Amino acid sequence: MRPIEMVDLKSQYAKIKTEIDAKIEEVIHAATFINGPAVLEFQHDLETCLGVKHVIPCGNGTDALQLALMSLGLQHGDEVITVPFTFVAAAEVIALLGLTPVFVDVERDTFNMDIALLEAAITPRTRAIIPVHLFGQCCDMEAILKIARKHNLYVIEDACQAIGAACTFGSGTIKYAGTMGDMGCTSFFPSKNLGCYGDGGALFTNNDVLAQQLHALASHGMLTRYYHDMIGINSRLDTLQAAILSVKLKHLDEYTAARQKAAAYYNYHLCCYSNIEIPAVKPFTSHVYHQYTIKLKNSNRQSVIDKMTAKGIPVMIYYPVPLHLQKAFAFLALRPGSYPVAEALSQCVLSLPMHTELDEEQLEYIVKSLSEGLISH
Ligand SMILES: *Cc1c(COP(=O)(O)O)cnc(C)c1O
């Protein structure tokens, strides 16, 4: 059996090596390392693929979130709503820009923003909502957009873990993660569902004015070279990364299918254990399984982790500390108990190996080891 990894990028590369190496060589030979033709090419490919008017490539997913907020002209102290159970990036850039993060707790079953709690968090200073499509399934965007419209708020989707996930609206319209709000943000970090070989990110929008603003902000505030209309940042997607992404984008559907197949195996074989809760998927969304995250009930999580590790199976806790209890957000003075679902999840979640190269032998071994670890603790 091949060694089991949380994410197996080496085996994935081996299958597309010829294509990738040729593209890399092409960029190096042309020496068009910054803003080379591959960047524009990838931008257009992704626009077509997601059915979105504008893709704005940038340096990473965190920059994408920062640029999205910068484009809105918000004032110091304006409030932006997001969730406490996720990667830090959204809350971090809100705070970095002098805005105030306001958390809304998540749902226990989907790990996504609990819409029932959203309106109560809106104040006269609220300007935007950043829903996070966590682990690969979409938030209830129809409900979020309705509330946002009612209160005149911007919606910036954090789609860093959900590229390719599709959300179906009541009208029957289907839209991809990141293309439903005013702007969407994604990351091409190597382990993401569409990952490059370094850092990379992009914004999505159907709004022409925002698109132009975002292009300028990502490029030192300039639309015409050396004419700076606003204070921006330097955030670019390398040509080499764009070339790699062009190759990998062609395989995205197949990669998503491989993740879904592995998840289906896990679901089928783990659903029968009373002390495991398998991930729930809402009917209005597909799940692209950036992570396959279970909840352990009445179990000693650390002893399960130790047993899995001893058997050569890596597992991870995403996320061990909710954001409102992190030192960096102590200034918000939020106490334990403020977001009970996020806090409870951080104590019981466990993410199993999930990537495009898992085979049945590996999956069988993981499931068997997990069940033994649970029974014998
Ligand atoms: C990965 C990730 C980010 C940040 O992306 P980077 O490219 O690493 O900056 C932001 N939000 C979520 C939910 C992520 O998973």
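Quick caveat, the model's predicted, so the values are computed rather than measured.

Another point: the sheet that holds strand S14 (residues 349–352). With antiparallel pairing, the 3 strands of this open sheet are ordered in space as S12-S13-S14. In this open sheet, the two edge strands, each paired with only one partner strand, are strand S12 (276–277) and S14. Across 2 bridges, S12 lies against strand S13 (residues 292–296) in antiparallel orientation. Of the residues in S13, the one forming a bridge with Glu 277 is Lys 295. Sitting on the sheet, helix H9 (residues 301–310) is in contact with S13 and S14, with an inclination near 15° to S14.

Overall, the coordinates contain 3 cavities of 30 Å³ or more when judged by the stated rule. Lining the largest cavity we find 13 residues, and of these Val 7, Leu 9, Gln 12, Arg 259 and Thr 356 sit closest to its centre. Two domains share the lining of the largest cavity, each providing at least three of its residues, namely domain 1 (9–104 + 112–249) and domain 2 (252–374). Put simply, the second largest cavity is a space of about 50 Å³.

Following the criterion strictly, the structure yields 13 aromatic pairs and no others. Ring geometry for Phe 85 against Phe 111: centres 6.2 Å apart, planes inclined by 25°, an arrangement best described as stacked. Here Phe 111 lies in the loop between strand S3 (100–103) and strand S4 (126–129) and Phe 85 lies in the loop between strand S2 (79–82) and helix H4 (89–96), a separation of 26 residues in the sequence. Of the residues examined, Phe 111 reaches a relative accessible area of 5% and is grouped as buried. Summarising the aromatic geometry, the rings of Phe 329 and Phe 331 are spaced 6.2 Å apart at their centres and angled 35° between planes, so their arrangement reads as tilted. The class for Phe 329 is buried, based on a relative accessible area of 3%. Members of the aromatic cluster, joined through ring pairs, are Phe 85, Phe 111, Phe 135, Tyr 318 and Tyr 319. Positioned over the ring face of Phe 169 is Lys 175, at 5.7 Å from the centre of the ring.

Moving on, we come to the environment of Val 104. Of note, Val 104 is situated in the loop between S3 and S4. For Val 104, a relative accessible area of 2% puts it in the buried group. The sequence separation of Val 104 and Pro 84 amounts to 20 residues, and the corresponding C-alpha distance is 7.0 Å.

Contacts to the ligand come from Asn 60, Gly 61, Thr 62, Thr 86, Phe 87, Ala 89, Val 132, Asp 158, Cys 160, Gln 161, Ser 187 and Lys 192. Here the ligand, which alone exposes 380 Å², has 91% of that area covered by the protein. In this structure the site holding the ligand corresponds to the second largest pocket. Here the residues of the shell around the ligand sort into 4 nonpolar, 6 polar and 2 charged.

In terms of domain boundaries, the protein chain breaks down into domain 1 (9–104 + 112–249) and domain 2 (252–374). Summarising the inter-unit geometry, the C-alpha centres of domain 1 and domain 2 are found 24 Å apart. In this assembly, 38 residues from domain 1 lie in contact with 31 residues from domain 2. Across the domain 1 to domain 2 interface the summed buried area is about 2,900 Å²; carbon plus sulfur atoms make up 63%. Joining domain 1 to domain 2, the criterion identifies 1 salt bridge. Between Glu 357 and Lys 15 there is a salt bridge whose closest N-O contact spans 2.6 Å.

The calculated volume of the largest pocket comes to roughly 540 Å³. What lines the largest pocket is a set of 20 residues, and nearest its centre among them are Asn 35, His 215, Ala 218, Ser 219 and Arg 236. Listing elements by their share of the lining of the largest pocket, those giving two or more residues are helix H2 (37–50), strand S1 (54–58), helix H6 (208–217) and strand S10 (222–224). If one sorts the elements of the lining of the largest pocket by residue count, H2 sits on top with 3 residues. The residue makeup of the lining of the largest pocket, split by class, is 11 nonpolar, 7 polar and 2 charged. Counted as a void, the second largest pocket has a volume near 460 Å³. If you go around the second largest pocket, you meet 25 residues; those closest to its centre are Phe 87, Gln 161, Phe 189, Lys 192 and His 290. Looking at the lining of the second largest pocket, the elements that each hand over two or more residues are helix H3 (61–70) and H4. Residue classes in the lining of the second largest pocket are distributed as 12 nonpolar, 9 polar and 4 charged. Taken domain by domain, the lining of the second largest pocket gets at least three of its residues from each of domain 1 (9–104 + 112–249) and domain 2 (252–374).

Further remarks concern the nonpolar core. The biggest cluster of nonpolar side chains holds 45 residues, and the ones touching the most others in it are Ile 81, Phe 85, Met 113, Leu 118, Ile 129, Met 141 and Ile 144. Per-element tally for this core: the top contributor is helix H5 (residues 141–150), with 5 residues. Ignoring anything within four residues of it in the chain, the contact list for Ile 129 reads Ile 81, Met 113, Leu 118, Ile 144, Ala 148, Leu 153, Tyr 154, Val 155 and Ile 156. The next biggest cluster of nonpolar side chains, apart from the first, holds 27 residues, and it includes Leu 74, Ala 89, Leu 99 and Met 183.

Here is what the cut-offs are and how they apply
Residues numbered from 1 in each chain as written. Predicted model: local features only at pLDDT ≥ 70, side-chain atom pairs only at ≥ 80, totals over all residues. Heavy atoms only, no water. Pairing = 2+ DSSP bridges. Helix = DSSP H or I, 4+ residues; strand = E, 2+ residues; numbered from the N terminus. Contact = heavy atoms within 4.5 Å. Axes fitted to C-alpha atoms, helices over the stretch in contact; angles between N-to-C directions. 1 Å grid on protein atoms, 1.4 Å probe; cavity = no way out; pocket = protein on both sides within 12 Å on 5 of 7 lines; lining within 4 Å. Points joined across faces, edges and corners; volume = space filled by probe spheres on them. Domains from an automatic or database assignment. Phe/Tyr/Trp six-rings, centres within 6.5 Å; stacked < 30°, edge-to-face > 60°. Buried < 20%, exposed > 50% of the residue type's maximum accessible area, 1.4 Å probe, protein only. Lys NZ or Arg CZ within 6 Å of the ring centre and 35° of its normal. Near = heavy atom within 4 Å. Areas by Shrake-Rupley, 256 points an atom, 1.4 Å probe, with all protein chains shown as cover. Sits in = over half its atoms within 2 Å of the grid points. Nonpolar A, V, L, I, M, F, W, Y, C, P; charged D, E, K, R; others polar. Buried area = accessible area lost by both parts, 1.4 Å probe. Salt bridge = Lys/Arg side-chain N within 4 Å of Asp/Glu carboxyl O. Core = buried A, V, L, I, M, F, W, Y, C linked by side-chain atoms within 4.5 Å.

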